[in-house]
Amino acid sequence: MARYELVSFHLCPYVQKAAIALRARGVDYDITYIDLSDKPDWFLAISPYGKVPLLRVGDDVIFESTVINEFIEETTEGPALLSTDPIQRAKERSWVAYGSDLNLPVYRLMVAEDAAEAGSEAKQVRDHMARLESNISEEGPWFMGDRFTLADAATAPPLQRLLWIDALAPRLRLFKDAPLVRAWASRLVEHPAVRASTVDDIHARFVAYLKGDHGVNAQEPPSWLVR
Ligand SMILES: N[C@@H](CCC(=O)N[C@@H](CS)C(=O)NCC(=O)O)C(=O)O
């Protein structure tokens, strides 16, 4: 099989989810960053939704982060990221969907324009944290128990952003009802595959984004979180 190339945008949590799977499987891959505010023609020609991530494998292009991660699981060696038991595997995939969808409420909180909007978005996030809390393995260390799965890979990026937001605005009490989730999030960001899944200055880029360096939506005002 040809060498894998991940087409990326520095701050994208969906790209990060794919990078985590690649790192967790020990795959050596190339990465190409694009500017989402000025998408290159070659990218628009091969990305059906005009979105990252893409995984290029020779002349083939795979899109959608969940599909990319399943492809990585199917085609590479390394620690299994999905169970072989059908029920367990289906549950892991269900939580992959939940973790991926968590990016939307996190994004809405990131771009909240005032305290009232941030408060109502934070409430949505707290509800999601409580839902995760009632489903997480109590023994840990990972969401489903002792194996790091694609559900961990999918949820680590939004949880990492929530830890950063929590540090900026503790009054939002994002993890108020979710001590196990907070502990899991803290373990996730220290996992070697998660640590290696972003550029080193990701936190500085995140804060710059909140301050209005949005790239994609360059006209948007700074987030309420940094005012
Ligand atoms: N469902 C997609 C979501 C990917 C996505 O939303 N990527 C964003 C960046 S984080 C993007 O490329 N946005 C560009 C655009 O919408 O024009 C996946 O899981 O891969």
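A few points on the structure. Model, not experiment: these values are computed from the prediction.

Each value, and the rule that gives it
- Residues numbered from 1 in each chain as written.
- Predicted model: local features only at pLDDT ≥ 70, side-chain atom pairs only at ≥ 80, totals over all residues.
- Heavy atoms only, no water.
- Buried < 20%, exposed > 50% of the residue type's maximum accessible area, 1.4 Å probe, protein only.
- Helix = DSSP H or I, 4+ residues; strand = E, 2+ residues; numbered from the N terminus.
- Contact = heavy atoms within 4.5 Å.
- Near = heavy atom within 4 Å.
- Polar contact = N/O pair within 3.5 Å; in protein donor to acceptor, adjacent residues only side chain to side chain.
- Areas by Shrake-Rupley, 256 points an atom, 1.4 Å probe, with all protein chains shown as cover.
- Nonpolar A, V, L, I, M, F, W, Y, C, P; charged D, E, K, R; others polar.
- Expected span 1.5 Å × (residues − 1).

Let us now look at helix 3 (residues 65-75). Within the sequence span of helix 3, burial applies to Ser-65, Ile-68, Asn-69, Glu-70, Phe-71, Ile-72 and Glu-73. Considering only its buried residues, helix 3 is in contact with strand 1 (4-8), helix 1 (13-24), strand 3 (54-57), strand 4 (60-63), helix 4 (86-101) and helix 7 (150-168).

As a further point, take the site of the ligand. Around the ligand, the neighbouring residues are Cys-12, Pro-13, Tyr-14, Leu-36, Lys-39, Gly-50, Lys-51, Val-52, Pro-53, Glu-64 and Ser-65. Lys-39 places a polar side-chain atom, nitrogen or oxygen, 2.5 Å from an oxygen atom of the ligand. Within the side chain of Glu-64, an N or O atom sits 2.9 Å from a nitrogen atom of the ligand. When isolated, the ligand has an accessible area of 520 Å², and the protein chains bury 74% of it. Residues belonging to the shell around the ligand are distributed by class as follows: 6 nonpolar, 2 polar and 3 charged.

Our next topic: helix 1. The α-helix winds at 3.6 residues per turn, so residues separated by three or four positions along the chain end up facing the same way. For helix 1, built from 12 residues, the straight-helix expectation of 16 Å at 1.5 Å per residue is met to within 8% by its first-to-last C-alpha distance of 16 Å. Taken residue by residue, helix 1 has Pro-13, Val-15, Gln-16, Lys-17, Ala-18, Ala-19, Ile-20, Ala-21, Leu-22 and Ala-24 as its buried positions. Among the structural elements, strand 1, helix 3, helix 4, helix 5 (103-110), helix 7 and helix 9 (192-195) are those in contact with the buried residues of helix 1. Once helix 1 ends, the next one or two residues include Gly-26, with phi positive near 70°.

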